[in-house]
Amino acid sequence: MIIERVLIFFIFITGFIGLISMKNIIKKIIGLNLLTSSVVLLFILEASRIGDEAPIIDNKVQNIVDPIPQALMLTAIVIGVCVTALSLAMAVRLYKTTGSLDIEIIKQRLEDDCE
Amino acid sequence: MIVNNLFLTPLFLPILAASIILIAKSFLSVKARQFCEYFGIIIGLLLPILIVLLLYPFVIHNGSISIIIGSYTPKIGILYKFDSLSLVMIVLTNLLTLPAWIYSRSTNTSHSYFTVLILLQSAIIAGISMTCDIFNLFVCLEVMGLIAYVLIASKNEKNAVFAAFNYMMYSSSSMIFFLLGSFGLYRLVGSLTYQEIAKTLVTLSSKDQNIAMICLILMIVPILIRVAIMPLSGWLVNAHSKAPHAVSAILSGILIKIPLFVLIRLFSISPLMHNLTLVLSYMGSATALIGVILALSQSDAKKLLAYHSISQIGYIVTSWSLALHHGIETTLGSVLLIAALFHAFSHAIFKGLLFLSIGTATDAAGSRDVYKIRGVNQRLYNKGEKYPLTMICFFIGALSIMAIPPFNGFFSKSLLTYYIKPSINYTILSIASIGTIASFIKLSKIFLPSKEIEKPIKELNTSKFPFSIHLSLIILAALSLLTGIFAKEIFNLLERMFISTNIKPIKYSIFFSKTNVLKTLYTGLGGILLFVIATSKYGSKILHKLRMVKNDFIDQYVAYAITLALFFWVLIV
């Protein structure tokens, strides 16, 4: 169990560093995605502590995983997709208007336009 | 059962209206489309207000009504609870969205999408105000955020897209910490509703309680980002000032307050959260003061208003957290809560009014620089405005935010400051209100007449001023005046909602008592003096330096980390 948690933590840190320190906005969006995925994995891992079988009520309910985190994560994934889609759309708009994906250059060019 | 389901109508009616509008847009003719839009606004925004107000006696009688969506068993279904707080939030949202929508009719870009978005917004806010489930709260907050990003970016301006992108990255990444927090709580407690969590938390060992505190802090800070309390408010200024005017009004008026009142429920989970309230009240007062200083230094008219939103939210946070500090069941606590709610209400009205009137003025002037624009009235006249309504409405809003009677700002600010009186918060807020007056004197200079603009020849002046702008401004100005005149009645209503016993603790004599009138007078004089100092050579140098301070993308995360660390320190060490 501990090794999975360490790995998930690494995914989380990778995503966070990508979000904060990358200049390229597409890489920032990928970082955000990694962050969401790591939390989703954590929930699923936690749900599997108490069982192994999928929570489908067939003829016997035995040894199943906790179904609630799975249901929650389905929603969280959908929200993650929405955020990704919207942020990519904004990245396209920014690229079209400024001709760059670098956040510093975008900021610079937008300020130049204002003055 | 039927009555219980009526409480869900503020959630379902706007969604129904939004779908009607979308269907009409795809299949019907232009005329039918327009009809559907008006119809949608009536059933999606006006009807919920009516229903909620009709249910008011029911709420007073029963306290709160629990509803489980879809009539599932309590363990599986999502629990919603309608109480007086939800009622106030729903009325505030729908009442303020309406003038913003009317205003948006004057700019003819993609009407129906805007209408659909604000309808969904009001549905989601109804959901937020009623939900008792942590994960449902997460979903609602994320959807509210998504709609806000789209609304900000909806103007065809590059800066708006960039501001929305910045806000989105910051807010979405912080919401992941919210998810982590709810994960921790679920692991400890095995339930997601507030009541169950509160019940189980008390039985846990002190080590587990500390973990629960960490989880709760992880959940509270992302919500405080939406509220834009001071170190966490880096995203707000650009987002609010670059958005279209109607959207700015909605963002400043509604979206920064709803999360704050939801926090009351999160704070009720554990009695240990009580230690945090005093820190929050100091943060609120500091926000009020720093916000107003930064507002005074701005040259962009809409940025100035955005900083004022931060400053005013500081007032609300101060009163709100002191209410929690005393306990919302006690008399003093509930009066402070009423003061916070009423100030939130009147701020929503006058800030909406200010954003819309300043937006109209800067559009007419073609610039937003407070130092350069002069003679807005003449320009508006040239555009076809016969009477200087925009100016009058701006001054009503400005007098209201300066807390001059008889407008609503006077009553809400007097009440708020009276009940926090012998404390350091009171001193800080009093200084902040001097700054408010100075910065609005500065802003109102754009209406000074100017000699450069010539009058157009009468025959050529055929342009017509859009009626919808005037209508929205008049509605907001009237609301501002009426809620001021009928303040006593509104306090009465709120008292009946939030105080269960029959006593009426708010004394109406405090408003026109000698001390309060003198205080208003002194604040006004202080404001004029501060304005004179600020326009002097030395003062304007300092303000220029403040204006040039920039905040980076990373700075926001630093502020985030600092706030988290502070809260951990207060609660656990």
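Bear in mind the structure is a predicted one, so any value in this text is a computation, not a measurement.

### Details of the layout of surface pockets
Residue and element names in this part refer to chain B.
- Space inside the second largest pocket adds up to approximately 1200 Å³.
- As for the second largest pocket, its lining consists of 39 residues, of which Asp83, Ile264, Ile328, Glu329 and Leu337 are closest to the centre.
- Counting only elements with at least two residues in the lining of the second largest pocket, the list comes to α4 (56-62), α5 (84-104), α9 (194-201), α13 (258-267), α14 (274-297), α16 (331-365) and α22 (487-498).
- By residue number, the principal contributor to the lining of the second largest pocket is α22, which donates four residues.
- Per-class residue counts for the lining of the second largest pocket are 17 nonpolar, 15 polar and seven charged.

### Focus: a nonpolar patch on the surface
All names here are of chain B.
- Taken together, the side chains of Leu518, Leu521, Tyr522, Leu525, Ile528 and Val532 present a nonpolar region at the surface, about 590 Å² in accessible area.
- With respect to the helices and strands, the residue leucine 521 is situated in helix α23 (residues 514-535).
- Assessed through its relative accessible area of 52%, leucine 521 is described here as exposed.

### Section: the nonpolar core
All names here are of chain B.
- Ranked by size, the top nonpolar core spans 237 residues in total, and within it Phe261 and Trp320 carry the most contacts.
- When residues in this core are grouped by element, the largest group, 21 residues, is from α16.
- When neighbours within four sequence positions are excluded, phenylalanine 261 is seen to be in contact with Leu85, Met89, Ile316, Trp320, Ala340, Leu341 and Ala344.
- One finds Leu296, Ala438, Phe531 and Leu543 within the second-largest nonpolar core, a separate group that totals five residues.

### Some points on the pattern of salt bridges
All names here are of chain B.
- Counted by the stated rule, this structure contains eight salt bridges over all chains.
- For aspartate 83, the salt bridge is made with arginine 265, and the minimal N-O distance between the two is 2.9 Å. With aspartate 83 in the loop between β2 (79-82) and α5 and arginine 265 in helix α13, this pair connects stretches of sequence that are 182 residues apart. Each member of the pair aspartate 83 and arginine 265 is classed as buried.
- Here lysine 372 makes a salt bridge to aspartate 369, at a shortest N to O gap of 3.6 Å.

### So, the interface of chain A and chain B
- Each partner contributes to the interface: chain A provides 39 residues, whereas chain B provides 35 residues.
- Approximately 3500 Å² of surface area, both sides summed, lies buried where chain A meets chain B, with 81% of it carried by carbon and sulfur atoms.
- Looking at the side of chain A facing chain B, the largest losses of area belong to Ile79, Met90 and Arg93 of chain A, adding up to 16% of the total buried there.
- For the interface between chain A and chain B, the tally reads one salt bridge.
- Viewed at the interface, chain B and chain A are joined by three residue pairs in polar contact (both at pLDDT 80 or more).
- For the side of chain A that touches chain B, the elements supplying multiple residues, two or more each, are α1 (2-21), α2 (25-47), α3 (67-98) and α4 (103-114) of chain A.
- Here the side of chain A that touches chain B takes 15 residues from α3 of chain A, the largest share from any one element.

### Some points on the environment of cysteine 215 of chain B
- In this fold, cysteine 215 of chain B is placed in helix α10 (residues 206-227).
- As a C-alpha pair, cysteine 215 of chain B and glycine 184 of chain B span 31 residues in sequence and 5.9 Å in three-dimensional space.

### Points about the packing of helix α6 (residues 111-130) of chain B against helix α7 (residues 134-153) of chain B
Residues and elements named next belong to chain B.
- One way to put it is that α6 packs onto α7 with a least axis distance of 9 Å and a crossing angle of 155 degrees. With respect to their mutual orientation, α6 and α7 come out roughly antiparallel. In this structure, the crossing between α6 and α7 has a hand that is left-handed. Across from Phe114, Leu117, Leu120, Gln121, Ile124, Ile125, Gly127 and Ile128 in α6, the residues of α7 making contact are Leu137, Cys140, Leu141, Val143, Met144, Ile147, Ala148, Val150 and Leu151.
- Of the residues in the contact of α6 with α7, the class split is 15 nonpolar, two polar and no charged.

### A few points about the packing of aromatic side chains
- According to the stated counting rule, one finds 24 aromatic pairs over all chains in the structure shown.
- With a centroid separation of 6.3 Å and an interplanar angle of 10 degrees, the aromatic rings of phenylalanine 35 of chain B and phenylalanine 39 of chain B are classed as stacked. Note that phenylalanine 35 of chain B and phenylalanine 39 of chain B are positioned in helix α3 (residues 30-54) at a spacing of four residues, about one turn of the helix.
- These aromatic residues form a ring-pair network of at least three members: Phe12 and Phe16 of chain A together with Tyr170, Phe177, Tyr557 and Tyr560 of chain B.
- The residue whose ring lies beneath lysine 25 of chain B is tyrosine 113 of chain B, and the NZ or CZ to ring-centre distance is 4.9 Å.
- We note lysine 413 of chain B situated over the ring of tyrosine 315 of chain B; from NZ or CZ to the ring centre the distance is 4.8 Å.

### Things to note about unusual backbone geometry
Residue and element names in this part refer to chain B.
- Residue proline 406 is bonded to the preceding proline 405 through a cis peptide linkage, with omega at 5 degrees.
- Looking at the element boundaries, proline 406 is found in the loop between α18 (389-401) and α19 (408-419).
- With a phi close to 65 degrees, alanine 228 is a non-glycine residue in the positive phi region.
- One can find alanine 228 in the loop between α10 and α11 (236-242).
- Residue alanine 228 is classed as buried on the basis of its relative accessible area of 0%.
- Residue alanine 403 is not a glycine yet carries a positive backbone phi of 65 degrees.
- Here alanine 403 shows up in the loop between α18 and α19.

Thresholds applied
Residues numbered from 1 in each chain as written. Chains lettered and ligands numbered in written order. Predicted model: local features only at pLDDT ≥ 70, side-chain atom pairs only at ≥ 80, totals over all residues. Heavy atoms only, no water. 1 Å grid on protein atoms, 1.4 Å probe; cavity = no way out; pocket = protein on both sides within 12 Å on 5 of 7 lines; lining within 4 Å. Points joined across faces, edges and corners; volume = space filled by probe spheres on them. Helix = DSSP H or I, 4+ residues; strand = E, 2+ residues; numbered from the N terminus. Nonpolar A, V, L, I, M, F, W, Y, C, P; charged D, E, K, R; others polar. Patch = residues over 30% accessible without salt bridge, like charges linked within 9 Å, V, L, I, M, F, W, Y side chains within 5 Å. Areas by Shrake-Rupley, 256 points an atom, 1.4 Å probe, with all protein chains shown as cover. Salt bridge = Lys/Arg side-chain N within 4 Å of Asp/Glu carboxyl O. Buried < 20%, exposed > 50% of the residue type's maximum accessible area, 1.4 Å probe, protein only. Core = buried A, V, L, I, M, F, W, Y, C linked by side-chain atoms within 4.5 Å. Contact = heavy atoms within 4.5 Å. Buried area = accessible area lost by both parts, 1.4 Å probe. Polar contact = N/O pair within 3.5 Å; in protein donor to acceptor, adjacent residues only side chain to side chain. Axes fitted to C-alpha atoms, helices over the stretch in contact; angles between N-to-C directions. Parallel < 35°, antiparallel > 145°, perpendicular 65-115°, else oblique. Left-handed = near helix turned anticlockwise from the far one by under 90°. Phe/Tyr/Trp six-rings, centres within 6.5 Å; stacked < 30°, edge-to-face > 60°. Lys NZ or Arg CZ within 6 Å of the ring centre and 35° of its normal.

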